[in-house]
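# Per-entry structural report
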Amino acid sequence: NAGVTQTPKFQVLKTGQSMTLQCAQDMNHNSMYWYRQDPGMGLRLIYYSASEGTTDKGEVPNGYNVSRLNKREFSLRLESAAPSQTSVYFCASGLGKAAYNEQFFGPGTRLTVL
Amino acid sequence: AQKVTQAQTEISVVEKEDVTLDCVYETRDTTYYLFWYKQPPSGELVFLIRRNSFDEQNEISGRYSWNFQKSTSSFNFTITASQVVDSAVYFCALTYDNYGQNFVFGPGTRLSVLP
């Protein structure tokens, strides 16, 4: 039982390049999330997927797109990376029901945009 | 608007001291959930506790305890007899909707426990 896995762990991009961050969970969770973590700002929600086939914007969606490929996988795409997107990105999953809605986090992807 | 404030940016204590991490939240909802997460130097976030708004009982788990007070909108976390392994960034978080889609995290408190 691997929990939430993310690839890659580290990435360096040049401004304007694109890339996709991959996330998978094996806990049969309905909901999945993408966050970014910046110093002194906690975690901010980029996009979430309440269930397979649905995605919605979070607090900071600009410059990102997501795909909920199936129940297990939720990817985050940067179409044209900018230095402001330098951050640590966390994927999370959760059952999505109020009584059980703690989120389980992946190990994170550290992205640097030059 | 929902908001979580952790006024202590960094705290340093010497091993075996007790330390309290403060969390103050704002919400207009009557039903909500509060959480604490730990982020050790390795970077992953570890779930510590969930508390719903109808349960004001304090909770103790080993050296960890949590004090939830609705009257002051606070959900403070105390580590008793701190250890070096407690060194981490601790996040308080709030969610208010049925499907947990809107987690709001505080900025975190960095705790350093010195030997």
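Now for a look at the structure at hand. For clarity, every value in this text was computed on a predicted model and none was experimentally measured. (Residues numbered from 1 in each chain as written. Chains lettered and ligands numbered in written order. Predicted model: local features only at pLDDT ≥ 70, side-chain atom pairs only at ≥ 80, totals over all residues. Heavy atoms only, no water.)

## Looking at the environment of Thr20(B)
Residue and element names in this part refer to chain B. Of note, Thr-20 is situated in strand β3 (residues 19-21). The partly exposed category is assigned to Thr-20, whose relative accessible area is 34%. In this structure the C-alpha to C-alpha distance between Thr-20 and Gln-83, which are 63 residues apart in sequence, comes to 14 Å. Not counting residues within four places of it along the chain, the set of residues in contact with Thr-20 comprises Gln-8, Ile-11, Asn-76, Phe-77 and Thr-78. At 2.8 Å, the side chain of Thr-20 and the side chain of Thr-78 are in polar contact. (Helix = DSSP H or I, 4+ residues; strand = E, 2+ residues; numbered from the N terminus. Buried < 20%, exposed > 50% of the residue type's maximum accessible area, 1.4 Å probe, protein only. Contact = heavy atoms within 4.5 Å. Polar contact = N/O pair within 3.5 Å; in protein donor to acceptor, adjacent residues only side chain to side chain.)

## Let's talk about the state of the cysteines
Within this structure, the stated rule accounts for two disulfides over all chains. Each disulfide pairs two cysteine sulfurs, and for Cys23(A) the partner residue is Cys91(A), the sulfurs being separated by 1.8 Å. Around the S-S axis, the bridge from Cys23(A) to Cys91(A) shows a dihedral of about -70° and counts as left-handed. Highlighted residues: Cys23(A) in strand β3 (residues 19-25) and Cys91(A) in strand β9 (residues 87-94), separated in sequence by 68 residues. Accessibility classification places Cys23(A) together with Cys91(A) in one group, the buried group. Between the sulfur of Cys23(B) and that of Cys92(B) lies a disulfide, 2.0 Å long from S to S. (Disulfide = S-S within 2.5 Å.)

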